[in-house]
Each structure stands twice: as structure tokens, then as C-alpha cells.
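Spelled out, the chains give:
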Amino acid sequence: MTVFDKIIRREIPAKIVYEDDDVLAFHDVNPQAPVHVLIIPKRGIPRLAEATDADQSLLGKLLLTSRIVAEKLDLSKSGYRVVINSGPDAGESVPHLHLHLLGKRALVWPPG
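Thresholds, definitions, all that
- Residues numbered from 1 in each chain as written.
- Predicted model: local features only at pLDDT ≥ 70, side-chain atom pairs only at ≥ 80, totals over all residues.
- Heavy atoms only, no water.
- Helix = DSSP H or I, 4+ residues; strand = E, 2+ residues; numbered from the N terminus.
- Rg over C-alpha atoms; globule rule 2.2 N^0.38 Å.
- Buried < 20%, exposed > 50% of the residue type's maximum accessible area, 1.4 Å probe, protein only.
- Contact = heavy atoms within 4.5 Å.
- Areas by Shrake-Rupley, 256 points an atom, 1.4 Å probe, with all protein chains shown as cover.
- Lys, Arg positive; Asp, Glu negative; His and termini not counted.
- Charge placed at Lys NZ, Arg CZ, Asp CG, Glu CD.
- Pairing = 2+ DSSP bridges.
- Expected span 1.5 Å × (residues − 1).
- Arc of directions from axis to C-beta.
- Axes fitted to C-alpha atoms, helices over the stretch in contact; angles between N-to-C directions.

Trainee: How should I be thinking about the overall build of the protein in this particular structure?
Mentor: In terms of helices and strands, the protein carries two helices and five strands. By the compact-globule yardstick of 13 Å for 112 residues, the protein fits well, its C-alpha radius of gyration being 13 Å. Scored against the burial criterion, the 112 residues of the protein give a buried share of 38%. Here the contacts in the protein between residues at least 6 apart in sequence split such that 53% fall between residues at least 24 apart. Carbon and sulfur atoms form 54% of the exposed surface of the protein, whose accessible area is close to 6,700 Å². Looking at the protein, you have 14 positive and 14 negative side-chain charges, and the mean spots of the two groups are 7 Å apart.

Trainee: Could you clarify how one ought to interpret the pairing of strand β5 (residues 99–103) in this entry?
Mentor: Side-chain direction in a regular strand flips from residue to residue, so the side chains alternate between the two faces of the sheet. The buried count for β5 comes to five of five residues, which makes it a mostly enclosed element. Burial along β5 is two-sided: the residues Leu99, Leu101 and Gly103 and His100 and Leu102 are all buried. Sheet analysis places strand β3 (residues 35–41) next to β5, joined by five bridges and oriented antiparallel. When the bridges of β5 are listed, histidine 36 appears paired with leucine 102. Two elements, strand β4 (residues 80–83) and β5, share four bridges in a ladder whose sense is antiparallel. Note on β5: the bridge partner recorded for arginine 81 is leucine 102.

Trainee: Hey, could you run me through the pairing of β3 in this one?
Mentor: With seven of seven residues buried, β3 is to be regarded as a mostly interior element. Of the two faces of β3, the one carrying Val35, Val37, Ile39 and Pro41 and the one carrying His36, Leu38 and Ile40 are both buried. By the bridge criterion, five bridges tie strand β2 (residues 23–27) to β3 in an arrangement that is antiparallel. Looking across to β3, one finds that histidine 27 is bridged to valine 37.

Trainee: I'm lost on helix α2 (residues 56–72) in this one. Help?
Mentor: Spacing of three or four residues puts side chains on the same side of an α-helix, whose turn is 3.6 residues. With 17 residues, α2 should reach 24 Å at 1.5 Å per residue; the first-to-last C-alpha distance of 25 Å fits that figure. Looking at α2, one finds that the buried residues are Leu58, Leu62, Thr65, Ser66, Val69 and Ala70. Mapping the buried residues of α2 onto a view down its axis gives an arc of 135 degrees, with all of them on the same face. Within α2, the exposed residues directed more than 90 degrees away from the buried face are Gln56, Ser57 and Leu64. Following α2 by one or two positions, aspartate 74 adopts a phi angle in the positive range, close to 60 degrees.

Trainee: How should the sheet that holds β3 be read in this particular structure?
Mentor: Hydrogen bonds along the backbone pair up the strands of a sheet, which may run parallel or antiparallel. On the basis of which strands lie adjacent, the open sheet formed by five strands has the order β1-β2-β3-β5-β4 and antiparallel pairing. Edge positions in the sheet fall to β1 (16–19) and β4, since each of these pairs with one other strand and no more. Pairs of neighbouring strands in the sheet enclose a mean axial angle of 20 degrees, with direction left out of account. With three bridges connecting them, β1 and β2 associate as antiparallel partners. Paired with tyrosine 18 across the strands is alanine 25, a residue of β2. The strands touched by α2 within the sheet are β1, β2, β3, β4 and β5, with β3 carrying the most contacts at an inclination of about 150 degrees.

See the structure below:
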């Protein structure tokens, strides 16, 4: 069980921004931008590299949820970045697929 599973089960508190039957979005406890929200599926997929064709709908819902959360947090006009890390070399720290939604500051390219 990952820390995200414990947040989903409300065993660990989180500042929740959005929730529905499939997805949970909450503020990151170690933010890398003034707005840093994690968007996770409630059904555990370890990482993007392990997603299957059966996950297609849920993957799309995660991206659409990032738009909903960005609108809710007033990021749509100024812009925002959505990041998925897959594997240790990419910076993945929790083996539960999640999107990082970052905003409210200028973000440089390339990252890292």
C-alpha cells in the first residue's frame, strides 16, 4: 500500500482540491511551484509504463481532471504544466501513477 492509497482511504490527511468516483486531486506536501497539485487515479496503476489498453479511459480522465483543477485554481489564463514521471530515473518517488499540476510561476524548459 502506497502513501497515495492511504490518502484515498483517508488514513493520511490531504488538502483535497477535487474528487469523484475515479480520481482524487490534492495539494503536494512538498510543492515545487506556488500551485502543485497531485492528481491520482483511485485504482492503483503503478506507473505509466505499466498502463494497459484497459486503462485508456482512466488515463484520459486524469488529463481532463487536470483541466478541471487548473480552472478551479485559476491557472487557465496564466498557464500550467502537467507532468508524469515514470520510473526512478524520471523522478518517480511513489509507485502509483500520478500527474503533477504545476502553476502560478514561470516554468523553464527544459525541466531538470
